[in-house]
Amino acid sequence: MAQSEDSVADKSVLAAIAKADLAEKVGQLQSTAPAAKAMGLPAYDWWNEGLHGLARNGEATVFPQAIGLAATFDPVLMEKVGTVISTEARAKFNTRPVNADRRIYEGLTIWSPNINIFRDPRWGRGQETYGEDPFLSGTLAVGFIKGLQGTDPAHPRVIATPKHFAVHSGPEAGRDSFDVDVSPQDREATYLPAFRKAVTEGRPLSVMCAYNSTHGTPVCADDALINQRLRKDWGFKGFVVSDCDAIANVWMFHHYAADAAEASAASIKAGTDFDCGNTYAALPQAVERGLVDEATIDRALARSLQARHSLGIAFGAANPWGRIKPSQVHTLASRALALEAARKSIVLLQNDNARLPLKPGTKLAVVGANADDLSVIEASYHGTAADPITPLQGIRRRFGAANVAYAQGSVLAEGAAVIVPETALASQGKPGLKGEYLDATGKVVLTRQDRRVDFNYTRYAPAGIDPNGFKARWSGTLTPPGPGTYRLALDIPACWKDCKRHDAVRLWLGGKQLHAGVLGKQRVEFDVTLTGTAQPIRLELDHYGEDEGLRLMWLPPADVQRAEAIAATRNADAIVAVLGLSPDLEGEALQVQVPGFVGGDRSDIALPRPQAQLLEALHATGKPVIVVLTSGSAIAIDPKLADAVLAAWYPGEEGGTALAETLGGINNPSGRLPVTFYRSTSDLPAYVDYSMKERSYRYFTGTPLWGFGHGLSYTNFGYDAPKAVATGIGDPVSVTVTVHNTGVRAGEDVVQAYVVPPTIEPEPIMTQAVLQRQLAAFQRIALAPGQARAITLNLDPREISVVDRRGIRRLVPGEYRVWVGSGQPGDGPGAWSTFTLTGDARELAK
């Protein structure tokens, strides 16, 4: 095989390719690659995930969801998080010989981070992103990518894959065929910059193209986007992988090609080297029909297999990471980092009359389904958290169990089941059920009290039991909070690929068997009439290896739940209402359709009605109400119903600890919003409209509930007048400011610089987004009480440039205004400065 001019493959890779026939080559260009004897390769599934922790392969450190990590505004922390994820991936990989076969989620090619722009809070997958700002997203991505891959590009720990390139952010329903008519200006000013920064500064070794098309061309078959922009303009040298089954979409949903062979040929010629799917199996037919030549396939294969060479797992390449031990999974240090990330991610949105922090010994009523739910801790694309701390658990530990009453209060949304809480379960005089865990021989290995049945068994089992086969049984009583008709549900997050056998579940209530059999991918529900008295309950699980856990859920009568919550507040000094959403309601292509939610997306950004009614009832008690919002996106609530509001996101395994520390003043909140919290869905344009007009803080002309960059503290900060220094067009601009901690507590501030450039188009067209301001620099700083610190922010020329309606990015002469503060102009302390650029306008590189 001749090495192409843009190939960076090692000679050993090229020699191996030369030994293979076309069928073997094509087999290696699909995600589940078989062993290839001619090339000396074991079987290897390329698909692995590491969005906020190593995912779907047993126990791992679970950090806050990506949107929570974004709220830290801390690229140094992001690099540390990426380092832990890649170290744990290597630690698991190293449990077997380097030439062992690898199944899905066992490899070292990580399909993360997701750096799409969270343009609309209704997008269910927005939680996976770093928010709505291109500069913030790109900066955090660079840190994360460097952490994943390490400092030696020739020998990465793992391979990072920023996704989904490009112009992709919903809707989830119809995503396989969705076409985006994006304007040149929005494309260059909003949808591409984070990818450019990630590629040119982070140097990832892979990029993933998206499901959608733009202007009729599927992006995985877009030569101008991949071969021209990504490779030639940005100098990308790695391999491009499709989103999973996106090549099939090219012909089946976009109708851009007539069949799989045409779709494969179009995609591989456009620069998509690798198919996360199996459509590239049609490439031999495409060669036979003259749609693509074998040299193009060889080039794509060289790019892809070079990744395995660089990782040191094929072709006899050096493997400096073979020394990482299996014991380096979920260490004390990694758990401490998860706690640090959770602390920094919490955003104090509102604190009327300094209601927070709470004093030690405060008697609390904790209310809300999200106060004690594993999925809210782990979010989507997650590993199995060891000893995850829910908000309820964290608050009990911090304030004392005797000082904390709990009630679920409501479901999250109408018709959406929630976990049966510990308050309804009992065994041996304790909350919860007696849990017994048996190995494959039927021997009871572990007996314990489980507060609820809400478990993640993804390639994991308790007490060292073989996760490929064990049994569990729970027994005790179920006592509902009052009489009425209840809907019970059994839910198994099911394995969906290469599943040999699904788990079996059996349930008895009141001596009657309600279910016996395999659940598969279906949730099983039962309507039962309960009197409010205790009923014996027994639940059994036969776990066979790949299904992902078991949850016992219910839909109780709303009035009964609400009455229980009000009763729980009776002796409380304050109420902590843990409200929000869950990965059951917002996420990737979900099969959910209840009021406010469809297909994983939201149709209404307001707090769902059952929780809004609960919040009104709690407010009516007259007691202080602290609202904790757990979600992956912005939620519109009535701030008059709360004395304080915290955004905790989906906070990871130490989320409950971090929240309790924040409520108690041990942690001074320092997170900042990576998205705008709008007041109402009516503030938003049509969801399917990708125009940035009236979207994000950069173009929104209304008044938000809480703006991008917003975040309060338990201390106070002050800013001296900033001084901006600029020379000619194209040179960096520096802004120096002194920040003071004028309060009595130590705290961290995120110093943010927003630039308002000169207007270049005084008469924008009707559909054009008009830039209000743009984040150009930020820095997190820690200050002791009374301490002052001068910092200098360097504004990269690209971050102060403007994009015209033709999509051309330029630096222009004129006066620029710059705000430096703890948030946007008018949101917290800060001050304005100006600088002037002189000289001729300059067009910047794409």
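Look a little higher up for the structure.
Report follows, based on the coordinates. Please read these numbers as outputs of a predicted model, since none were measured by experiment.

1. Structural notes on unusual backbone geometry
Thought 1: The amide bond that connects serine 112 to the next residue, proline 113, takes the cis arrangement and shows omega of 10°.
Thought 2: Within the secondary structure, proline 113 is located in the loop between α4 (75-93) and α5 (134-149).
Thought 3: Cis geometry marks the peptide bond from leucine 356 to proline 357, where omega comes out at 5°.
Thought 4: Tracing the sequence through the fold places proline 357 in the loop between β8 (347-351) and β9 (364-367).
Thought 5: At aspartate 245, a position not held by glycine, the phi torsion is positive, near 75°.

2. Quick notes on the packing of helix α1 (residues 11-19) against helix α12 (residues 294-310)
Thought 1: Their axes nearest at 9 Å, the elements α1 and α12 cross at an angle of 130°. Between α1 and α12, the angle falls in the class oblique. You can see that α1 and α12 cross each other, and the crossing is right-handed. Residues Ser12, Val13, Leu14 and Ile17 of α1 form the contact with α12, whose participating residues are Asp298, Leu301, Ala302, Leu305, Gln306 and His309.

3. As for the sheet that holds strand β33 (residues 747-756)
Sheet strands line up and pair through hydrogen bonds in the backbone, either parallel or antiparallel.
Thought 1: Pairing is antiparallel across the open sheet formed by four strands, whose spatial order is β34-β33-β38-β39. For this open sheet the edge positions go to β34 (774-783) and β39 (830-837), each flanked by a neighbour on one side alone. Each strand axis lies, on average, 20° off the axis of its neighbour in the sheet, ignoring direction.
Thought 2: Relative to β34, β33 runs antiparallel, the two being bridged by nine bridges. Bridging across to β34, tyrosine 754 finds its partner in leucine 775.

4. Description of the packing of aromatic side chains
Thought 1: For the coordinates displayed, the defined rule picks out 25 aromatic pairs.
Thought 2: On the numbers, 4.4 Å between centres and 15° between planes, the contact of tyrosine 697 with phenylalanine 708 is stacked. Residue tyrosine 697 is found in helix α19 (residues 696-699), and its partner phenylalanine 708 is found in the loop between α19 and β30 (717-719); the two are separated by 11 residues along the sequence.
Thought 3: Look at phenylalanine 708 and you get buried, because its relative accessible area is 0%.
Thought 4: An aromatic cluster is built from Phe73, Phe135, Tyr697, Phe708, Tyr754 and Phe778, whose rings are joined through pairwise contacts.
Thought 5: Positioned above the aromatic ring of tyrosine 381, the side-chain terminus of lysine 163 is 5.0 Å from the ring centre.
Thought 6: Lying across the ring of tyrosine 544, arginine 501 places its NZ or CZ 3.6 Å from the centre.

Conventions used here
Position labels on residues start from 1 in each chain and follow its written sequence. Confidence filtering applies because this is a predicted model: local features only for residues at pLDDT of at least 70, side-chain atom pairs given and counted only at 80 or more, and all residues used for totals across whole chains, interfaces and linings. Processing note: side-chain calculations cover all non-hydrogen atoms of the structure and skip hydrogens and water entirely. Only runs of H or I of at least four residues qualify as helices and only runs of E of at least two qualify as strands under DSSP, and these elements are numbered from the N terminus. Simply put, an axis is a line fit to the C-alpha atoms, just over the touching stretch for a helix, and the angle between two N-to-C directions goes from 0 to 180 degrees. The cut-offs work like this: below 35 degrees is roughly parallel, past 145 is roughly antiparallel, 65 to 115 is roughly perpendicular, and the gaps in between are oblique. Definitions for this section: a left-handed crossing has its near helix turned counterclockwise from the far helix by less than a right angle. A right-handed crossing has that turn clockwise. We call two residues contacting when some pair of their heavy atoms lies within 4.5 Å. The rule for pairing is simple: two strands pair if DSSP sees at least two bridges between them. Geometry of aromatic contacts follows a simple scheme: Phe, Tyr and Trp rings, the Trp one being its six-membered ring, pair when their centres are within 6.5 Å, and the pair is stacked under 30 degrees between planes, edge-to-face over 60, tilted otherwise. Any residue under 20% of the maximum accessible area for its type is buried, any over 50% is exposed, and the rest in between are partly exposed; the area is computed with a 1.4 Å probe on protein chains only. In this scheme, the term charge over a ring applies when either NZ of a lysine or CZ of an arginine sits within 6 Å of the ring centre and within 35 degrees of the ring normal.

None of this, on its own, says anything about what the molecule does.
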